[in-house]
Amino acid sequence: FQSSYETALSALLSMLSFPDIMVGAGVIGGGMVLSLEQLLIDTDIFKMCRRAHQGIASGKNQWLFDLLEQIETGAQFIDHPTTLKAVRSDELHISRLEAFEGLEAWRHSDKTDIVVMARTKVDQILSSYQPLPLGDEVEQELQKIKNKAI
């Protein structure tokens, strides 16, 4: 968790300075170790930071003043069509690693932490990985190299 915390702080400050490239995803221990779990967590952190870098849309139709006036104090508008539209836009980053059932559901679950979720995702990726084909020219060139080596 410490590594993720440090990555999040470092990445957010870096991203807000408009970098051309972000590096270091998955690297821990001062660059001595690559963790596949940390790679997935860092990728998620970088995506959230990129979303923060884009800023908050503030166009005329973004603030939904009319809708806010219609909703009673303390009420929710999760089922309103504008909410669905906003969630399906790029305005919101939804992590593939986080649990979104809520605190009470988490308390009554097995309390899986983000590292375990990342490990599960890594296992799924590795077990279903299919390399992309290289193409006939590349395959032929590799075969030539292999033949010369034999």
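Before reading further, recall that the structure is shown in the block above.
Below: a short report on this structure. (Residues numbered from 1 in each chain as written. Predicted model: local features only at pLDDT ≥ 70, side-chain atom pairs only at ≥ 80, totals over all residues. Heavy atoms only, no water.)

1. Structural notes on a nonpolar patch on the surface
Now for step 1: The grouping of Val-27, Leu-34, Leu-36, Leu-39 and Leu-126 at the surface amounts to a nonpolar patch, some 410 Å² of accessible area in total.
Now for step 2: Within the fold, Leu-36 resides in helix 2 (residues 36-54).
Now for step 3: Here Leu-36 falls in the partly exposed class, since its relative accessible area comes to 34%. (Patch = residues over 30% accessible without salt bridge, like charges linked within 9 Å, V, L, I, M, F, W, Y side chains within 5 Å. Areas by Shrake-Rupley, 256 points an atom, 1.4 Å probe, with all protein chains shown as cover. Salt bridge = Lys/Arg side-chain N within 4 Å of Asp/Glu carboxyl O. Helix = DSSP H or I, 4+ residues; strand = E, 2+ residues; numbered from the N terminus. Buried < 20%, exposed > 50% of the residue type's maximum accessible area, 1.4 Å probe, protein only.)

2. Notes on the pattern of salt bridges
Now for step 1: By the definition in use, this model includes two salt bridges.
Now for step 2: Among the ionic pairs, Arg-119 bridges to Glu-37, the shortest N-O distance being 2.5 Å. On the criterion of sequence distance, the pair formed by Arg-119 in helix 6 (residues 114-128) and Glu-37 in helix 2 is long-range, its members being 82 residues apart.
Now for step 3: Given the relative accessible area of 32%, Arg-119 is considered partly exposed.
Now for step 4: Notably, a salt bridge pairs Arg-119 with Asp-123, separated by 2.7 Å at the nearest N-O pair. Here Arg-119 and its partner Asp-123 are both found in helix 6, four residues apart, which amounts to about one turn of the helix.
Now for step 5: Bridged by salt links that share partners, the residues Glu-37, Arg-119 and Asp-123 form one connected network.

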